[in-house]
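Tertiary structure, described
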Amino acid sequence: MSGFVEVFEVGPRDGLQNEKRLISAAEKIALVDLLSTAGFRRIEVASFVSPKWVPQMATSADVLGGIKRADGISYAALTPNMRGLEGAIMAKADEVAIFGSASEGFSKANINASIAESLERFRPVAEAAKGAGIPVRGYISCVVNCPYDGPTPPQSVAAVARELQAMGCYELSLGDTTGHAYPSEIKDMFRAVRDAVPDARLAGHYHDTSGRALENIEASLQEGVRVFDAAIGGLGGCPYAPGAAGNVATEAVHQRLRDLGYTTGLDAGILEQAAKMAQALRSAETTA
Ligand code: HMG
Ligand code: MG
């Protein structure tokens with residue numbers, strides 16, 4: 001095996017959003033600035049959502065305003081609606097993401113909308129972003145299991161993928177939000193999505209609740225996927241996916257990819273430093 005695999009760092013957003021202690025913008029900025037020296041092409045640093053729903057992300061504009069932007073890195077933000085997009089544009093996010101679900105229960109719990117309502121909400125966001133020249137990524141959550149509805153049929157993922165692709169998302173990130181998927185389920189899901197949207201760029205987004213995220217990455221590589229989201233230090237969880245653990249750790253993904261003979265462009269020494277910094281943010285949380 002050889003070739004380049006991109007790791008999309010999502011720690012400063014997906015990683016930190018679930019921490020209970022309100023981490024200051026300065027602490028987040030220090031983490032992003034260190035991550036910016038590690039070799040990533042994309043780092044998700046912000047989320048323009050309701051501060052009542054996710055208080056930890058309320059400093060997103062300060063984070064985007066305070067980081068040292070490195071050449072060649074796209075700094076990304078989540079935008080659930082037009083208000084979020086306006087915030088992201090004001091704060092000069094380089095790209096934005098709309099985030100839907102393949103299961104009704106999670107859609108309702110996470111963004112207070114049915115799948116159909118959420119897609120109607122995303123359509124103007126995607127159009128306006130395109131008009132402003134901002135690339136839009138699409139997330140689909142609960143692609144194998146949902147904490148509310150149980151198993152997700154692969155066809156439900158394919159149906160949402162078709163809609164997000166039609167809205168112009170440049171890449172679709174498929175999320176095992178609960179972190180319980182098995183490699184065979186991941187493969188079946190990717191095959192169904194690939195049949196529905198053969199031209200789409202697909203990425204894998206795995207939480208590591210059951211310790212199978214690296215196996216799921218290997219299964220996805222076998223399906224031709226070459227982009228994986230990960231969070232430094234294995235930070236994370238989703239406030240609306242009870243029991244879900246953090247994202248698969250960036251440094252572990254990097255190591256596994258290297259062992260498999262892939263290149264990532266990432267610096268292992270910096271990842272190690274950043275993982276320590278991320279874990280210190282978390283231990284400050286447990287002692288707070
Ligand atoms: P709602 O209550 O239906 O919306 O929430 P609303 O329009 O009725 O607004 C409610 C309040 O929120 C109002 O304030 C709005 O002004 C405000 P109030 O009048 O009560 O003071 N509001 C906003 N404030 C700031 N920025 C905004 C915004 N929009 C409305 N953009 C809404 C709908 C989508 C806003 C809400 O459900 C929400 O914010 N949800 C976000 C939940 C979230 O961030 N979850 C985590 C990210 S997803 C994830 O982690 C999964 C992923 O990693 C992939 C995977 O792992 O599967 C991506
Ligand atoms: Mg996630």
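Everything discussed here concerns the structure shown above.
Residues numbered from 1 in each chain as written. Chains lettered and ligands numbered in written order. Predicted model: local features only at pLDDT ≥ 70, side-chain atom pairs only at ≥ 80, totals over all residues. Heavy atoms only, no water.

This structure, assessed with the given rule, holds 16 salt bridges. Across the pair E19 and R282 runs a salt bridge, and its minimum N-O distance is 3.3 Å. Of this pair, E19 sits in the loop between α1 (11-15) and α2 (25-35) while R282 sits in helix α11 (residues 268-287), and the two are 263 residues apart along the sequence. A relative accessible area of 10% means that E19 is categorised as buried. Among the ionic pairs, R123 bridges to E120, the shortest N-O distance being 2.9 Å. Of this pair, R123 and E120 both sit in helix α6 (residues 115-131), three residues apart, which is roughly one turn of the helix. On the basis of relative accessible area, R123 is assigned to the partly exposed category, the value being 29%. Taken together, the shared-partner salt bridges connect E6, R42, R137, E171, R201 and D229 into one network. (Salt bridge = Lys/Arg side-chain N within 4 Å of Asp/Glu carboxyl O. Helix = DSSP H or I, 4+ residues; strand = E, 2+ residues; numbered from the N terminus. Buried < 20%, exposed > 50% of the residue type's maximum accessible area, 1.4 Å probe, protein only.)

Our next topic: the pairing of strand β2 (residues 42-47). For β2, a buried count of six out of six residues is recorded, marking the element as mostly surrounded by other parts of the structure. Both β2 and strand β3 (residues 74-78) contribute to a ladder of five bridges, which runs parallel. Paired with I43 across the two strands is Y75, which belongs to β3. Note that the unit made of β2, helix α3 (residues 60-66) and β3 has a crossover that is right-handed. (Pairing = 2+ DSSP bridges. Right-handed = clockwise from strand over helix to strand, strands pointing away.)

As a further point, take the coordination of the magnesium ion (ligand 2). Distances from the magnesium ion (ligand 2) to its protein donors, namely D14 (OD), H205 (NE2) and H207 (NE2), fall within the range 2.0 to 2.3 Å. In the primary structure, the donors to the magnesium ion (ligand 2) are separated according to the pattern D-x190-H-x1-H. H207 shares its class with H205; the two are buried. (Donors = N, O, S within 2.8 Å, 3.2 Å for Na, K, Ca; no water.)

Attention now moves to the nonpolar core. Residues L64, I98, I140, L164, L172 and L174 are the most contacted members of the largest nonpolar core, which totals 97 residues. Excluding residues within four positions of it along the chain, I98 makes contact with T79, F122, V125, A126, V136, R137, G138, Y139, L164, M167 and C169. (Core = buried A, V, L, I, M, F, W, Y, C linked by side-chain atoms within 4.5 Å. Contact = heavy atoms within 4.5 Å.)

What follows concerns the packing of aromatic side chains. For the coordinates displayed, the defined rule picks out two aromatic pairs. Plain terms: the ring middles of W53 and Y240 are 5.3 Å apart, the flat faces sit at 50 degrees to each other, and that makes the pair tilted. Of this pair, W53 sits in the loop between β2 and α3 while Y240 sits in the loop between β10 (227-230) and α10 (250-259), and the two are 187 residues apart along the sequence. Aromatic pair Y206 and F228: ring centres 6.4 Å apart, planes at 40 degrees, arrangement tilted. One end of the pair, Y206, is in strand β9 (residues 202-206); the other, F228, is in strand β10, with 22 residues separating them in the sequence. Each member of the pair, Y206 together with F228, is buried. Sitting above the plane of the Y139 ring, R137 keeps its charged end 5.3 Å from the centroid. In this arrangement the basic side chain of R212 is found over the ring face of Y182, its NZ or CZ atom lying 3.5 Å from the centre. (Phe/Tyr/Trp six-rings, centres within 6.5 Å; stacked < 30°, edge-to-face > 60°. Lys NZ or Arg CZ within 6 Å of the ring centre and 35° of its normal.)

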